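# Fold and contact review
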Amino acid sequence: VISSCKYRTQIVYKQIIDQHIKPSLGIYMLRSLTPMTIQEYVNQKYATGLKKTTLTNIISVLTGSLKYAVVPAQLLQSSPAEYIKTPKIQSERTEVNRTIISLDDFNRMLERFEKGNPFRYALLIGFYTGLRISEVYALTWEDIDFKEKTLTVNKQVYKRNYGLEMRQVLKEKGKKEEKSAWYFGDPKTAASTRTIKIGNTLLQELKEYRKIQLKNQMEYGEYYTYIYKKEEIDEKGDTVYRLVEVENTIPVALPVTNIIMRKENGQYSSTDSFKYAARVIHYDLGIVFNFHSLRHTHATKLIESGVNVKAVQARLGHENIETTLQTYVHNTDIMEQEAVDVFEKIATQKVN
């Protein structure tokens with residue numbers, strides 16, 4: 001049921017139901033829905049040119065709802081969506097998501113964002129670790145072990161409404177932005193919780209950044225902003241932590257979180273803020289860029305260099321190795337040439 005889903009998923013599902021499913025299928029009685037009706041609906045949605053993710057989500061909500069109507073609701077004997085065929089549609093985000101960032105382009109990005117700028121360190125962490133952007137922006141200094149040279153992922157950050165029941169978010173205009181905040185939540189999957197090794201280049205950059213932050217903290221003094229964790233219970237009954245920003249002069253009976261991504265005055269530098277950096281990279285530097293392309297670059301370069309795929313899988317936090325192979329590792333020129341060279345060597349040995 002929807003209440004068992006994460007907050008952002010609930011919002012997306014509610015929007016799909018209200019904007020797509022109800023207007024077209026809401027006129028039907030549940031028992032009057034037929035496989036042909038569902039298939040025609042899906043075909044019509046496909047014909048409108050919807051994004052792949054939107055169409056996939058619509059089908060997922062529809063089939064899931066009708067399956068629930070069979071078991072456990074027992075409103076239908078069988079689901080009319082059981083045998084529908086999903087149209088094949090290419091994702092328009094595939095190209096940018098699977099762009100490999102060259103070392104020259106990456107260095108140009110670093111030159112654009114000087115030391116002390118949080119965007120620089122988000123780029124560095126993404127490039128050298130392959131972390132998701134939600135994982136990068138949830139990191140605290142306690143997650144970095146400078147002695148053991150490791151980085152631990154045990155949470156992700158996300159933006160959500162607070163103080164309103166989920167269904168009110170979509171109905172009460174103006175309330176969503178007024179009552180939105182950043183939260184720490186559980187990682188994407190069980191495999192996403194991981195500790196990985198990191199190299200000296202990233203470690204040195206992070207050490208310098210930590211010193212810069214401590215210096216800023218001293219210089220801003222009473223005007224420096226601290227970030228606290230406020231424990232709350234979400235609609236699923238799970239514990240989540242809202243990030244609360246308060247200036248140094250105001251006493252707060254909450255634990256401080258030493259989050260890494262922060263502005264000069266201590267305020268949180270969020271994934272929303274990074275959208276500015278992405279625009280600068282794309283338009284000013286002329287580089288086809290999406291933060292996820294750093295993750296793809298990290299994985300592909302490791303595979304090209306002969307790193308075991310299982311090691312890459314663990315590093316990226318994938319539950320299935322198929323995800324690592326199919327999503328993040330494509331056939332590059334280096335891989336193609338290596339395949340030719342290997343086979344050439346095999347064929348030559350047989351001839352001799």
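Residues numbered from 1 in each chain as written. Predicted model: local features only at pLDDT ≥ 70, side-chain atom pairs only at ≥ 80, totals over all residues. Heavy atoms only, no water.

Let us now look at the overall build of the protein. Along the backbone of the protein there are 15 helices and seven strands. The proportion of buried residues among the 352 residues of the protein is 41%. Taking the intrachain contacts of the protein between residues at least 6 apart in sequence as the baseline, contacts between residues at least 24 apart amount to 67%. Carbon and sulfur atoms form 51% of the exposed surface of the protein, whose accessible area is close to 20000 Å². (Helix = DSSP H or I, 4+ residues; strand = E, 2+ residues; numbered from the N terminus. Buried < 20%, exposed > 50% of the residue type's maximum accessible area, 1.4 Å probe, protein only. Contact = heavy atoms within 4.5 Å. Areas by Shrake-Rupley, 256 points an atom, 1.4 Å probe, with all protein chains shown as cover.)

Per the counting criterion, the structure on display carries 13 salt bridges. Residue Arg-108 is joined to Asp-105 by a salt bridge in which the shortest nitrogen-to-oxygen separation is 3.0 Å. Here the residue Arg-108 and the residue Asp-105 both occupy positions in helix 5 (residues 103-112), the gap between them amounting to three residues, near one helical turn. Using a relative accessible area of 33% as the deciding quantity, one classes Arg-108 as partly exposed. Note on Asp-105: relative accessible area 23%, which makes it partly exposed. A salt bridge links Arg-132 to Glu-135; the nearest nitrogen and oxygen atoms lie 2.6 Å apart. With respect to class, Arg-132 is no different from Glu-135; both count as buried. (Salt bridge = Lys/Arg side-chain N within 4 Å of Asp/Glu carboxyl O.)

Let us now look at the packing of aromatic side chains. A full pass over the atoms with the stated rule returns 15 aromatic pairs. Between Phe-113 and Phe-119, the ring centres sit 5.7 Å apart and the planes meet at 80°, which makes this aromatic pair edge-to-face. On the basis of an interplanar angle of 40° and a centroid distance of 6.2 Å, the ring pair of Phe-119 and Tyr-276 is categorised as tilted. On the criterion of sequence distance, the pair formed by Phe-119 in helix 6 (residues 118-129) and Tyr-276 in helix 11 (residues 271-284) is long-range, its members being 157 residues apart. Every member of this aromatic cluster is reached through a ring pair, and the members are Phe-113, Phe-119, Tyr-137, Phe-274, Tyr-276, Phe-289 and Phe-291. The ring of Phe-184 is capped by Lys-155, whose NZ or CZ atom sits 5.4 Å from the centre of that ring. (Phe/Tyr/Trp six-rings, centres within 6.5 Å; stacked < 30°, edge-to-face > 60°. Lys NZ or Arg CZ within 6 Å of the ring centre and 35° of its normal.)

What follows concerns the sheet that holds strand 7 (residues 239-247). On the basis of which strands lie adjacent, the open sheet formed by four strands has the order 3-4-7-6 and antiparallel pairing. Pairing within the sheet leaves two strands with one partner each, and these edge strands are strand 3 (156-161) and strand 6 (225-233). Averaged over all pairs of adjacent strands, the angle between strand axes in this sheet comes to 40°, irrespective of strand direction. Across two bridges, strand 4 (residues 180-185) lies against strand 7 in antiparallel orientation. Looking across to strand 7, one finds that Tyr-183 is bridged to Arg-242. (Pairing = 2+ DSSP bridges. Axes fitted to C-alpha atoms, helices over the stretch in contact; angles between N-to-C directions.)

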